[in-house]
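Fold and contact review
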Amino acid sequence: MTAPQPSETLGEDLSHLAELHGVATAYRPSPDRAVPASPGAVVAVLAALGVDASTPQAVRAALAARQQELAERLLPPTVVGRPGSTPAALDALPEGTRLHIETEQGETRTGAEQLPPGVHHLTATAPDGRSAEAHLLIAPDRLPTPTGRSYGLMVQVYSLLSRHSWGMGDLGDLGELTAWAGRALGAGFVQVNPLHAAVPGAPTDPSPYRPSSRRFPDPVYLRIEDIPEFAYAEEDEREKLRGLLERAARLRESVLEKGALIDRDAVWEVKREALELVREVPLGPGRRAAYVDFLAREGEALEDHATWCALAEAHGSDWHRWPAALRDPRSPETARARAELMDRVDFHSRLAWLTDTQLTTAQRAAREAGMPVGVVHDLAVGVHPDGADAWAQQEYFASGMSVGAPPDAFNSLGQDWGLPPWRPDRLAESGYAPYRRLLRALFRYAGALRIDHVMGLFRLWWVPQGQPPTEGTYVRYDAEAMLAVLALEASRAGSVVIGEDLGTVEPGVRETLQERGVLGTSVLWFERDWEGDGRPLAPEKWRADCLATATTHDLPPTAARLTGEHVELRDRLGLLTRPVEEERVESATDVGEWLALLSRLGLFEQAPGGGRPASEEEAEIHAVHRFLLRTSARMIGVWLPDTVGDRRPQNLPGTWDQYPNWRLPVADADGRPVTLEELAASPRLHALVDVLRVGLGAGTTATGTGTATGTGSSPETGSEAGAEAGAEAGPGDSAEGGP
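Everything numeric here is computed off the predicted structure, so don't read it as measured data. (Residues numbered from 1 in each chain as written. Predicted model: local features only at pLDDT ≥ 70, side-chain atom pairs only at ≥ 80, totals over all residues. Heavy atoms only, no water.)

Further remarks concern the overall build of the protein. Along its length, the protein carries 22 helices and 23 strands. For a compact globule of 739 residues, the expected C-alpha radius of gyration is about 27 Å, and the protein comes in at 26 Å, within 12% of that figure. Overall, the protein is about 80 × 70 × 50 Å in size when its C-alpha atoms are taken along their principal axes. Across the 739 residues of the protein, 59% fall into the buried class. Pairs at least 24 apart in sequence give 74% of the contacts found in the protein among residues at least 6 apart. Roughly 28,800 Å² of accessible area belongs to the protein as shown, and the carbon and sulfur atoms make up 50% of that amount. Taking the average location of the 72 positive side-chain charges in the protein and that of its 106 negative ones, the two points are 3 Å from each other. (Helix = DSSP H or I, 4+ residues; strand = E, 2+ residues; numbered from the N terminus. Rg over C-alpha atoms; globule rule 2.2 N^0.38 Å. Buried < 20%, exposed > 50% of the residue type's maximum accessible area, 1.4 Å probe, protein only. Contact = heavy atoms within 4.5 Å. Areas by Shrake-Rupley, 256 points an atom, 1.4 Å probe, with all protein chains shown as cover. Lys, Arg positive; Asp, Glu negative; His and termini not counted. Charge placed at Lys NZ, Arg CZ, Asp CG, Glu CD.)

If you walk across this open sheet you meet the 4 strands as E15-E14-E17-E18, and the pairing is antiparallel. Edge positions in the sheet fall to strand E15 (415-419) and strand E18 (473-476), since each has one partner strand and no second. The sheet shows a mean angle of 50° between the axes of neighbouring strands, taken without regard to direction. Sheet topology places strand E14 (residues 401-405) next to strand E17 (residues 459-464); 4 bridges connect them, and they run antiparallel. Within E17, the position partnered with methionine 401 by the bridge is proline 464. Against the sheet, helix H2 (residues 39-48) touches E14, E17 and E18, its axis set at about 105° to E17. (Pairing = 2+ DSSP bridges. Axes fitted to C-alpha atoms, helices over the stretch in contact; angles between N-to-C directions.)

As judged from the 4 bridges shared by strand E3 (residues 78-81) and strand E7 (residues 131-138), these two strands associate in the parallel manner. Counterpart to threonine 78 in the pairing with E7 is histidine 135. Pairing analysis gives 8 bridges linking strand E6 (residues 118-125) to E7, with the strands arranged antiparallel. Each residue of the ladder has a partner; that of leucine 122, found in E7, is alanine 134. Turn length for the E6-E7 hairpin, with the two strands adjacent in sequence and antiparallel, is 5 residues, and the turn residue glycine 129 shows positive phi of about 95°.

This part covers the pattern of salt bridges. Counting across every chain of the model gives 53 salt bridges. Among the ionic pairs, aspartate 141 bridges to arginine 82, the shortest N-O distance being 3.6 Å. In this pair, aspartate 141 sits in the loop between E7 and strand E8 (144-146) while arginine 82 sits in the loop between E3 and helix H4 (88-91), placing the two residues 59 residues apart along the sequence. Across the pair arginine 297 and glutamate 298 runs a salt bridge whose closest N-O atoms are separated by 3.0 Å. (Salt bridge = Lys/Arg side-chain N within 4 Å of Asp/Glu carboxyl O.)

In this section: the confidence of the model for the protein. Of all residues in the protein, 92% have pLDDT values of 70 or greater, and the mean over the chain is 92. Note on residues 1-7: pLDDT under 50 across the span, and 13 contacts to partners over four residues away in sequence or across chains. Counted against residues more than four places away or in other chains, residues 734-739, with its pLDDT under 50, gives 30 contacts. (pLDDT = per-residue confidence, 0-100.)

Our next topic: the nonpolar core. Tyr151, Ile224, Tyr435, Trp462 and Leu486 are the most contacted members of the largest nonpolar core, which totals 165 residues. Residue contributions to this core peak at 10 residues, all from helix H14 (residues 479-493). Judged by nonpolar contacts, the second largest core, of 16 residues, contains Leu74, Leu122, Ala124 and Ile138. (Core = buried A, V, L, I, M, F, W, Y, C linked by side-chain atoms within 4.5 Å.)

The next subject is the packing of helix H19 (residues 616-630) against helix H21 (residues 683-696). With their axes 10 Å apart at the nearest point, H19 and H21 run at an angle of 25° to one another. Here H19 lies roughly parallel to H21, going by the angle between them. H19 and H21 meet at a crossing whose hand is right-handed. Taken together, the residues of H21 that come into contact with H19 (itself represented by Glu617, Glu618, Ile621, His622, His625, Arg626 and Leu629) are Arg684, Ala687, Leu688, Val691, Leu692, Gly695 and Leu696. (Parallel < 35°, antiparallel > 145°, perpendicular 65-115°, else oblique. Left-handed = near helix turned anticlockwise from the far one by under 90°.)

With 15 residues, H19 extends 21 Å from end C-alpha to end C-alpha; this agrees with the ideal 21 Å at 1.5 Å per step. The buried count for H19 comes to 13 of 15 residues, which makes it a mostly enclosed element. (Expected span 1.5 Å × (residues − 1).)

With that settled, consider the environment of leucine 598. Here leucine 598 shows up in helix H18 (residues 580-600). On the basis of relative accessibility, which here comes to 1%, the residue leucine 598 falls in the buried class. With residues up to four places along the chain from it excluded, the contact list for leucine 598 reads Leu603, Phe604, Ala623, Val624 and Phe627.

With that settled, the discussion passes to the pairing of strand E22 (residues 635-639). Of all 5 residues that make up E22, 5 are buried, and the element is covered over most of its length. Of the two faces of E22, the one lined by Met635, Gly637 and Trp639 and the one lined by Ile636 and Val638 are each fully buried. With 5 bridges connecting them, strand E9 (residues 150-155) and E22 associate as parallel partners. Among the inter-strand pairings, glycine 152 is bridged to a residue of E22, identified as glycine 637. In this structure, strand E21 (residues 546-549) lies alongside E22, joined through 3 bridges in parallel fashion. What sits directly across from threonine 549, in E22, is glycine 637.

One pass over the structure, following the stated rule, counts 11 aromatic pairs. Plain terms: the ring middles of tryptophan 525 and tryptophan 594 are 6.3 Å apart, the flat faces sit at 75° to each other, and that makes the pair edge-to-face. With tryptophan 525 in the loop between strand E20 (520-523) and E21 and tryptophan 594 in helix H18, this pair connects stretches of sequence that are 69 residues apart. Classification of tryptophan 525 as buried rests on a relative accessible area of 2%. Each member of the aromatic cluster is reached from another via a ring pair, and the members are Trp525, Trp542, Trp594 and Phe627. Note that arginine 214 overlies the ring of tryptophan 422, its terminal NZ or CZ placed 5.0 Å from the centroid. Residue placement shows arginine 350 over the ring face of tyrosine 291; its charged tip is 5.5 Å from the ring centre. (Phe/Tyr/Trp six-rings, centres within 6.5 Å; stacked < 30°, edge-to-face > 60°. Lys NZ or Arg CZ within 6 Å of the ring centre and 35° of its normal.)

Reading across the sheet, the 5 strands line up as E3-E7-E6-E4-E5 and stay open at both edges, with mixed pairing between neighbours. Lying at the two open borders of the sheet, with one neighbouring strand each, are E3 and strand E5 (108-109). Each of E3, E6 and E7 touches H14; the most contacted strand, E7, lies at about 50° to it.

Below, the discussion takes up the side chain of aspartate 646. Topologically, aspartate 646 is positioned in the loop between E22 and helix H20 (676-680). A polar contact is formed between the side chain of aspartate 646 and the backbone nitrogen of arginine 648, at a distance of 3.3 Å. Filtering out sequence-adjacent residues up to four positions away, aspartate 646 remains in contact with Pro557, Ala559, Pro641, Pro665, Val666, Ala667, Asp668 and Ala669. (Polar contact = N/O pair within 3.5 Å; in protein donor to acceptor, adjacent residues only side chain to side chain.)

Here is the structure:
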């Protein structure tokens, strides 16, 4: 394809061609301002979609070809419908068109009436001889939603160490947390960070939002002692395992007692050695059968993932630097390499199985403890370009593109998150197969799923490689199809979906998500009357269909927000763009307005049976959570570090090596790490939990999940981040900043 030579302005033909391929030619950084996309960005994005727009002649040819294709085709590659009605695309077929439908359930139909939910194969033959094949996606109208109210804990799993952890929190700790929180605290859920497999490296990128694979979990979270074969190691292996347990204890002590940061690479090195030893123990017949079933269920996707892991051990974790033939997962050379490395492929396949098993156990522990939802998992917005998914699914990713956010009044440079986007055309041609498989895998052990940057189901900002984020443009996805797949898989699993919809949101998106049953995310400090006087939004005006929280993993903990310590931290790190005094005044004013509202509502008064705060700070944190209870939000999230007065954010957007992002253990108000056992005995935690339990009453144990019959929602609040944030949130980041 000829190198793009765009003009300085978008011509009519190029604009029309872009529109027909879902490529935006302008964007709105604010409701009253439109900014045209650069012609270079439009041409580059079209090229990534396989469309040559490099010259005026190429644009005219591509436009004519696209118009002819759309005029002649009977059906789009994926047709979306809902139970009980005929999809609009089928109603538009020429009269007399014959249909042949092979349903997912194995039936053969000649009509589309009363089809069961599923992805069916459709063949249409028109009277003029034209024919078309398509995926027919029938999905429920709405996703499952909580039928009552509950509160839950939010935590980054790696940050929660117990006396049994190997230097970072693990799935054994998660199981303990859910069992305790459900049985002793009446919590309805525990929300965690993405547990996707990371890209190995030296050092490994600690961000859980730039994974190697979203399909398979990270074995670094395994609780080694909970693997059944651990107990049956031979004497030689036992001696070696005892040495590894001593190394693990030193890692744990360094974090909990000596102020060390969580060292994921050191933890993985010890665990990997232990897993190699445990693997020497033969699987019993039942365990072997379970493993074989897992291999069969996961099929080619697991084989690809394990092959990438094995090749990464031999050639490094950036597959772009591998020998040319190995960069193709379907090449004969890759097949030979897989056979030669079969022992390592099996090792990594087994790790995926063990991790999947422990994740399933954690969710089962949550439900057995009485949690109506259980574990809320997090789906990152994309994957690392060097990782397993990007290698195995190359045909679905847009080459030379990265996801980000456009410039606006609060971030004039825009954002580039370094994550390759899925091609919407290839997704549609496959019946959204990779998306369906991804969701199905996660829902197996998720009572609910949080989708990071849920607006990406509608559109994503594509940035051409080597260009600044300002030289990008939006590419639209078929939101009806993306939401239908989500509804189908969530309904099959009976799982709730929470969309992270902070930041700039296209008009109509929140309403569409609400209509389909996707809960939103509302953070107290961002909930203001942005369309009115800008004051804190009264609790009765909050939407009901949301997860309401005081903070998130990349916002200041509530204690730091109340005291203004988050401003001092950003000042020390040189992150402020204004004089520190201005920042202090603005922060104090913001907090003061909220505290004044809490006081007017009487939320500082001691509730009967509620915990007694030991300090003014605790009283304010209690009042903040009483306010959340006053809203009609279906789910109330409590940031676990808030329960013990932690001051440090887990992630500070805008920093890399200036701040220990994703490497801090949960700590108390003095910065001393707190174990899970200490949390369970913390008077401060129990006092806050008492506030929540009293506020919810029987609701903490009387809720469940199921398809809701109505929305029960409060009026929309406009931009969640409003004037404080404005910019779109980065992967894993709140609207307060980019990655």
